[in-house]
Structure formats: structure tokens, C-alpha cells
Amino acid sequence: MPQFAEVALPVPMRQNFTYQIPTNLAWPLEVGMRVRVPFGRQQLIGLVVNISDECALPPQQLKAINVVLDSSPLLSEPLYKLTLWAARYYLCSQGQMLTQALPVALRKGASAAPEFISYYALTDKGAAATLASLKRSPAQQKILQQLQQGELTTEEVQVLELSKTAIKALKDKDWIGLYERPLVADRHWREQLELGEQPLKLNKQQAVAVAALTVQTGYQCTLLEGITGSGKTEVYLSLLETVLKQGKQALILVPEIGLTPQTINRFKRRFNVTIAVIHSGLTDKQRLDAWRQARCGEAAIIIGTRSALFTPMMWPGVIILDEEHDASFKQQEGVGYHARDLAVMRGHLEDIPVVLGSATPSLETLHNALNGRYAHLQLGERAGGALKVRQGIIDIRNLPLRAGMSQPLLNEMRLHLQAGNQVLLFLNRRGFAPALICHECGYLHECDRCDAFFTVHQALGEIRCHHCGNQYAIPRQCHHCGSTMLQGQGIGTEQLEAMLTKEFPDYPVVRIDRDTTSRKGSLEKQLAAIHRGEYKILVGTQMLAKGHHFPDVTLVGLLDVDGALFSADFRAPERFGQLYTQVAGRAGRASKPGTVLLQTHQSDNPLLKDLLHRGYGEFARSQLSERQQALLPPAWHMILIKAEAHQASDADTFLAEFAALLPQDNAFEVIGPMPAPLDRKAGKFRRQLLVQAADRKRLQQVFEQLLPQAEALTSGKRCRWSLDRDPQDLL
Ligand code: ADP
Ligand code: ZN
Ligand code: ZN
């Protein structure tokens, strides 16, 4: 019997801990089981990652495992390997990564064994009832119709947002019942898959894509690049049919904002199978239930946001990431993993295909598709009727602006409103630390040492280049024309809303941003009111661009194009290109074509021209070659070291000492320490160090070697610091 177990614990120390294995265990301990162990004065739950007969420490110094919580390993081998790989790649402890991968209830010690599944189904009485008899109660009718297709788990009822009152009414009438059965038996979908609706007849491009995807066996990653409305979802559905018929499960990851009842419904309507839905709004219990359903194979389809990536599957078949460019796939707090990159790795380890879909692929994915690492499929036509957008640029140099709006845009707005249509206005909220631009001549102040734009730090009274660290005092006059009208401040959505309410008193305004939608369900309510036409003017941030179609919007105005395009973040142009394309694709309909107007000081900017005249695809390709020339991702690889402290010098000292540990040569660059583009937050000074390396392996090795030294620095105790691998957001 081996004596020692290495246990990964959810603590920030980048190491595992060794414990003695009790001799009186009822079953042999295996790697991947949870154990409860003493840690300091606490009891912690961790995962066994290694078992051996040898131990570097004297055994009498070791404590023993208290309880073994599982009778078999919790994660399949590929999934377990994925978390270990991710811990190494993201430079955190295995315990921290495993914590990301497990539902909270399991981390707290709940049993992983399948239990019961509760579901709603029709009673005999309900089965005999007709939909027509519920004509006067649409909510009940909807539920009856759903249940005629098949049972619904309690989780499904919740995510589909079916009315609780209607459920109760139907139960009181004894038309439906709430039942329970053991969660192991029902995998009928593997023997015989029933389709709830007939698939659409695929167009030629869709058929080609489906044919290419369905012949894949084993790992292969594919970029499905298809303009908005080209029928990507239809391709997923068709691929899913093949996968499910082979008796395999599908994992579908969607952006946070894309996980709507409509999305779930589309899959539910097509396939009569249990769908496990996993997102951050679930209770611990619901989340564990969904996890169990996926793990035992009851759920044929798993749909979820970022963290659903770690959901176990009994018979893994395919992983699909929709809107793969979406920033919500990268976790910003704590362990900053990227669900897209881990999904590809998981596909590799499970040896199953991965599909990345988008109308506006990220440059990382495009890079891999163009260099042949990923397969590349394209859908270039709209599946349901063509729609052409009229686009135009308003040169706002020297024009008076009111809350960021120029007179030409206000005039155009009036025309659209008077015609009975809706107008959508976009503001860029990433404008915390904007570029320095001259309102008179449009000159953008550019770093004299490199190709990047200066960022204005009002509070520090300086402009900084976040590419090389170069800095000056904020100039009083434009370097090009001498004007004193230099702009470096964004406009707020509230200010804009107030101005519009005054200017257009007859047309109700709605504002959609983080502040107005922070309460659960409030975004849905606002969107529903927009669709009913209760609002005529929509003011919003990026949130409005994703996933929602606005058929009655005929004018879209992008106000702060310069702030969006020329920010300190090297991803700003890419993000803007995506935003612009997504917005342009969602406004109007075939009978009511949309107009998109952009306000800018830089009407001749080649980037902007590229985007407008040649479209996202070409724009992205030229961006990619610019990134390569500038030695930026995806060509080079990045780690951002962030430190914050009440005293700026504390953060600076630590980062300077960290920097001294790093090599510097022509394949390894260290920039900083310097203020973060957003240099103060909640009273703390934020500083950063940017590390860029040509070689990913070398970057990894360097950090693995120096982290123990960096952790030992006493200056690190006087600030809060963290690492962000492949940062998506330099703010
Ligand atoms: P995407 O996911 O690329 O935005 P969708 O799959 O949602 O596109 O399709 C857009 C619209 O076109 C949907 O209303 C869908 O029902 C319809 N559609 C998709 N494929 C077809 C097809 N082959 N024939 C007819 N309509 C289609
Ligand atoms: Zn000027
Ligand atoms: Zn510079």
C-alpha cells in the first residue's frame, strides 16, 4: 500500500501538499478522488494528484487524510489532464485550476454520484387535452405544447423562462405532474434520436460545411466563418444530428449575453433530448444537477457559458464555441483562463472535433486558420434574404458637438424617427483612457518611438505610450496645427441620454449599459419593450451589439469611433471591427434596410476605410499582418503582471524587482513598470509590467523558473499582484 498522497488544494500557493494515507481505507485511494485534509487550523477539500511510496519530508511531519469523499475519480482522464495543463499554462496552482473546473457543491463536499432527476410531464388527462382548449391562456398553452414534445427537467423549465403561475395552474388541473426518477436510466436518445422538427434544407455553402464537419473523426479544430444570418446555427444543428445519432454528446459554449431562452429553445425544438444548461446564475444545487446529467449521459447536449467548458461528458462527441471572438470567454478575475483556448486543448485531449464559429473571428483564430493549423469553412451569403446596409462617415473635425452628437447625425436621426423607425446610438465605454486627438484638425498624437498612440492620463497630467513606455506631459497645443482644442475625454451614456430626451421629447429614450441592466432579467425586459416599439431611441454600449436583432432600427450611429479605434489597447481596432460588423448586421430587415453612420475626426484613416469598403474579413487580415510586424499577439506571446497598492511606489518597487529577474533580448521584451491605462481604481494605484516573447515555450520556461523567486520578494507583500497570461484587456 502506498503511503503518501499529493493533494491539490484551493489555496493561492503555487504548490501541492503531501499527506499520509490512512491504512484503514475501505477502498484504495486513486488519483482524481476528493479528500478532506487538515490545513493549518482549517479542513480543506482537495483532489489527489499523485500517490507514492516516497516522500521528501520526514513522515512524522506529515498529517493524515481525514476523509476520502469519492469512490472513483471525479474527472475523466482527459478532463483531469486538461486542468493540470491549464494550471501550468496559466501559472496558477493545480488546486486553483481544479477549483475552477468543479461545481461549488462538489468543492464543498457534496456527493458526485448520480441521484434523482425531477421533471415535468403530461398526465393522462393532460395528454388528452388540446392546445385549442387553452386559447385564452397563452402561457399555459406554451407549456402544454412544450410537454407534448417530451418531458422537461425542472432546470429546463427555469432556463426556458416558462411561467410559474401557469405551471401551477396546470398542476392544479391535474394536466401535468412533477415526477422523479433515478438519474442513470434514460439514455433513449442514444438508441433512437427523435427530431422535434424537420431540419431546413441547407443551402450549398451550409451543405459543404456540414459535409466537411461530419466526416471528421478525432481531433480537428475548424473555424466556421460566416456573416451574421448566414446560417451557422443551422450548421451546428445539422452537425449535432450526426453526432447525437452516433450516441455522442455535444458541448456548446456561448457568450454570456448569448445564453437566452431563444437559444436553448432552438436546440430543444430540434432534438427531443435533455439539455443541461450551465451558467453563473444557477444555484449550487442546480449546477450540480446539470453537471451530473452531463456526466452520466442523461443530457445529450450541454449548453453553457465560459465555465461550462469543464463539464464532464460520458460520451464526448464535439465541442462548439459560438461567437468565438467574444471577450466573455476570457475570465478576467482570479485565474484568467480563456475558454476558447482550453476548449481547443480539451478537444485535443478527448480526441474530438472542435468548431469555432463567428461572423467576426478573433485574430488568434484567424491566424490559426490561415496558417493551416485549423480547418477553415466559410459562409458568405445570408440564409434568409439579402440585406444591404448603407454606411457613411461624418467628419466631425471642428463641428460643434452636443453630448458627443454632431448636427448632421441629429438631422438624420430626426428623419428616421419621423418615418416611424427606431434609432440606435452606440458609445464606447472603453474610453476610460483615450487617445489624444485634436478636435480642429483630427491629428492623433502618436508615439515618436513606435507605432502606437499616446494614452491620456488626466490625473497624472501625462501622456503615455503603452507599447514602449514613452511618456510626456500632456501637451497644451496640437503638434500638427497648434490648436488648443485637444480632446482626451470620453462622453458618458447618461449625458447623452439627458441631451436626447430634451432634443426629442416625443420619442422615448432607453439607455442600456452595465448600470441599467445589472439586475437580473432587466436587460430582457428592456429588450422586450424595444421590440414592442415602446422606445424609439436606444442608447447603449457594446452590450447592445451582441446577439440581438432589431428589425425596426433603421439608423445606427457610432459616436465615439476614435475612442474605440485608437485606444491604448492594441486589440482596440479588432474589437471595433467586430462591434461595427455585428451592429451593421443586426439593424433593419430586407424591407427596411439600415443605415450606419460613424462620427470621427479621422475620416481618411486607412483602418476605417478598410473596414467600411472591404469588410471585416479583409480588415482582419490586414490587422493580422500589422500585429505580426509590431511583434504583438498572435505573432508574439504576452504575460501582463499587474500590481496595485495604496502607495504607487510599493507597486513600482515590486514590479521593478520582478523585471530584474526577467531576461531581455531581441526575442524577449519587458515593458514597464508603468501605470495601467486605467491608472487608479478604488483608491489604489495600478501599475503593470508587460512581457512579450517570440517563443511561447521560452516564455513558459522563464516564468516557471522565476516564479518561486518572485513570490519570495518581500516587496510583493506590500501590494496585490497577479499574472494575466494572454491578456485580453490591458486596462
Ligand atoms: P447565424 O447563426 O449565422 O447568425 P442562423 O442559423 O441563426 O444564422 O440563421 C439566420 C436565419 O436564417 C434564421 O432565421 C434561420 O432560420 C434562417 N436559415 C438558416 N439556414 C437556412 C436555410 N438553409 N434555409 C432557410 N432559412 C435558413
Ligand atoms: Zn490639430
Ligand atoms: Zn511607443
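Nothing here was measured: the structure is a model prediction, and the numbers come from that model. (Residues numbered from 1 in each chain as written. Chains lettered and ligands numbered in written order. Predicted model: local features only at pLDDT ≥ 70, side-chain atom pairs only at ≥ 80, totals over all residues. Heavy atoms only, no water.)

Participant: Please set out the overall build of the chain residue by residue, giving values where relevant.
Facilitator: When helices and strands are counted, the chain shows 22 helices and 30 strands. Relative to its length of 731 residues, the chain is compact, with a C-alpha radius of gyration of 28 Å against a globular reference of 27 Å. By principal-axis analysis of the C-alpha atoms, the chain measures approximately 85 × 75 × 45 Å. Residue burial in the chain is summarised as follows: out of 731 residues, 55% are buried. Residue pairs at least 24 apart in sequence account for 75% of intrachain contacts in the chain once pairs closer than 6 positions are excluded. Approximately 31,700 Å² of the chain is accessible, and the part contributed by carbon and sulfur atoms is 50%. With 80 positive and 73 negative side-chain charges, the chain shows a separation of 4 Å between the mean positions of the two kinds. (Helix = DSSP H or I, 4+ residues; strand = E, 2+ residues; numbered from the N terminus. Rg over C-alpha atoms; globule rule 2.2 N^0.38 Å. Buried < 20%, exposed > 50% of the residue type's maximum accessible area, 1.4 Å probe, protein only. Contact = heavy atoms within 4.5 Å. Areas by Shrake-Rupley, 256 points an atom, 1.4 Å probe, with all protein chains shown as cover. Lys, Arg positive; Asp, Glu negative; His and termini not counted. Charge placed at Lys NZ, Arg CZ, Asp CG, Glu CD.)

Participant: Residues and numbers for the site of ligand 1, please.
Facilitator: Around ligand 1, the surrounding shell holds 15 residues, and the nearest of these are K201, Q206, K232, T233 and R266. Here a nitrogen atom of ligand 1 and a side-chain polar atom of Q206 are 2.8 Å apart. Protein contact buries 68% of the 560 Å² of open area that ligand 1 shows by itself. Among the elements that line the shell around ligand 1, the one with the most residues is helix α10 (residues 232-245), at three residues. Counted by class, the shell around ligand 1 contains four nonpolar, seven polar and four charged residues. (Near = heavy atom within 4 Å. Polar contact = N/O pair within 3.5 Å; in protein donor to acceptor, adjacent residues only side chain to side chain. Nonpolar A, V, L, I, M, F, W, Y, C, P; charged D, E, K, R; others polar.)

Participant: Explain the UniProt feature "binding site: Zn(2+) 2" (unreviewed entry) in the chain residue by residue, including any values.
Facilitator: Sites flagged by UniProt as "binding site: Zn(2+) 2" (unreviewed entry) map to C447, C450, C465 and C468. The largest pairwise C-alpha distance within this set of annotated residues, which runs over 22 residues, is 8.7 Å, so the set is compact in three dimensions. Checked against the element boundaries, C447 lands in the loop between β18 (437-438) and β19 (454-457). C447 has contacts with A452, F454, C465, C468 and N470, leaving out every residue within four places of it along the chain. With respect to the helices and strands, the residue C465 is situated in strand β20 (residues 462-465). (UniProt positions renumbered as here; feature names shortened; annotations may be inferred.)

Participant: I'd like to hear about the nonpolar core, residue by residue, with values.
Facilitator: Ranked by size, the top nonpolar core spans 90 residues in total, and within it M97, L342, V556, L558, F576 and L598 carry the most contacts. At eight residues, the largest contribution of residues to this core is made by helix α20 (residues 606-629). Those residues in contact with L342 that sit more than four places away from it in its chain are L82, W85, A86, Y90, M97, L309, F310 and Y337. Of all hydrophobic cores here, the second largest spans 47 residues; its members include I167, I176, L224 and A300. (Core = buried A, V, L, I, M, F, W, Y, C linked by side-chain atoms within 4.5 Å.)

Participant: I'd like to hear about helix α21 (residues 648-661), residue by residue, with values.
Facilitator: For α21, spanning 14 residues, the distance from its first C-alpha to its last is 21 Å, which sits close to the expected 20 Å at 1.5 Å a residue. Restricting attention to buried positions, one finds in α21 the residues A648, D650, A651, F654, L655, F658 and A659. Projected down its long axis, α21 shows its buried positions confined to an angular sector of 165°, all on one face. Turning to α21, the residues buried within the fold contact β27 (637-645), β28 (668-681), β29 (684-693), α22 (696-712) and β30 (720-725). (Expected span 1.5 Å × (residues − 1). Arc of directions from axis to C-beta.)

Participant: Help me get a handle on the sheet that holds β29, residues and values and all.
Facilitator: On the basis of which strands lie adjacent, the open sheet formed by four strands has the order β28-β29-β27-β30 and antiparallel pairing. Pairing within the sheet leaves two strands with one partner each, and these edge strands are β28 and β30. Each neighbouring strand pair of the sheet contributes to a mean axis angle of 20°, computed without reference to strand direction. When β28 meets β29, the two strands line up antiparallel, connected through eight bridges. Considered in β29, the bridge of V670 is made with V691. (Pairing = 2+ DSSP bridges. Axes fitted to C-alpha atoms, helices over the stretch in contact; angles between N-to-C directions.)

Participant: Break down the packing of aromatic side chains for me, citing the residues and quoting the values.
Facilitator: Scanning the entire structure with this criterion turns up 15 aromatic pairs. Plain terms: the ring middles of F504 and Y507 are 6.5 Å apart, the flat faces sit at 70° to each other, and that makes the pair edge-to-face. Its relative accessible area of 2% is what places F504 among the buried residues. With a centroid separation of 5.0 Å and an interplanar angle of 35°, the aromatic rings of F654 and W721 are classed as tilted. Of this pair, F654 sits in helix α21 while W721 is found in strand β30, placing the two residues 67 residues apart along the sequence. Assessed through its relative accessible area of 21%, W721 is described here as partly exposed. In this structure an aromatic cluster arises from ring pairing among F654, F658, F703 and W721. For the cation-ring pair, K173 lies above W175, with the distance from its terminal atom to the ring centre recorded as 4.5 Å. (Phe/Tyr/Trp six-rings, centres within 6.5 Å; stacked < 30°, edge-to-face > 60°. Lys NZ or Arg CZ within 6 Å of the ring centre and 35° of its normal.)

Participant: Break down the environment of C438 for me, citing the residues and quoting the values.
Facilitator: Locating C438 in the fold gives a position in strand β18. Sequence spacing of C438 and R397 is 41 residues, and the spatial spacing of their C-alpha atoms is 8.1 Å. Not counting residues up to four positions away in its chain, the partners in contact with C438 are Y443, C478, C481, S483, M485, L486 and H601.

Participant: Go over the coordination of the zinc ion (ligand 2), please, and point to the residues and values.
Facilitator: Angles between donor atoms at a metal ideally measure 109.5 degrees for a four-coordinate tetrahedral arrangement and either 90 or 180 degrees for a six-coordinate octahedral one. For the zinc ion (ligand 2), the full set of protein donor atoms is C438 (SG), C441 (SG), C478 (SG) and C481 (SG), and the range of their distances to it is 2.2 to 2.4 Å. Geometry at the zinc ion (ligand 2) is tetrahedral, judged from its four donor atoms and the angles of 107 to 112° they form at the metal. Donor residues for the zinc ion (ligand 2), ordered by position in the chain, follow C-x2-C-x36-C-x2-C. Of this pair, C441 sits in the loop between β18 and β19 while C478 sits in the loop between β21 (471-473) and β22 (486-487), and the two are 37 residues apart along the sequence. Of the residues examined, C441 reaches a relative accessible area of 19% and is grouped as buried. In this structure C478 comes out as buried when scored by relative accessible area, which is 4%. (Donors = N, O, S within 2.8 Å, 3.2 Å for Na, K, Ca; no water. Tetrahedral: all angles 85-135°; square planar, octahedral: opposite > 155°, others 65-115°.)

Participant: Describe helix α7 (residues 164-172), with residues and values.
Facilitator: Taken as a whole, α7 has its buried residues at A166, I167 and L170. Across the axial projection of α7, the buried residues extend over an arc of 105°, all falling on one side. Turned more than 90 degrees from where α7 packs its buried face, K164, T165, K168 and D172 sit exposed. Packing partners of the buried residues in α7 comprise β6 (116-122), α5 (138-149), α6 (154-159) and β8 (176-182). Its side-chain oxygen at 3.3 Å from the backbone nitrogen of T165, S163 defines the N-terminal cap of α7. Count one or two residues on from α7 and you reach D174, which has phi positive near 65°.

Participant: Break down the UniProt feature "domain: Helicase ATP-binding" (unreviewed entry) in the chain for me, citing the residues and quoting the values.
Facilitator: Within the UniProt annotation, "domain: Helicase ATP-binding" (unreviewed entry) is assigned to residues 213-379. For residues 213-379, helix accounts for 35% and strand for 25%, while the C-alpha atoms at its two ends are 14 Å apart.

Participant: Before we move on, could you go through the packing of helix α1 (residues 77-89) against helix α13 (residues 339-350) and cite the residues and values that matter?
Facilitator: Where α1 contacts α13, the two axes come as close as 9 Å, and the packing angle between them is 140°. It follows that α1 is oblique to α13 by the angle criterion. You can see that α1 and α13 cross each other, and the crossing is right-handed. Where α1 approaches α13, its residues P78, L79, K81, L82, W85 and A86 are matched on the opposing element by L342, M345, R346, L349 and E350. A breakdown of the residues in the contact of α1 with α13 according to their chemical character gives eight nonpolar, no polar and three charged. (Parallel < 35°, antiparallel > 145°, perpendicular 65-115°, else oblique. Left-handed = near helix turned anticlockwise from the far one by under 90°.)

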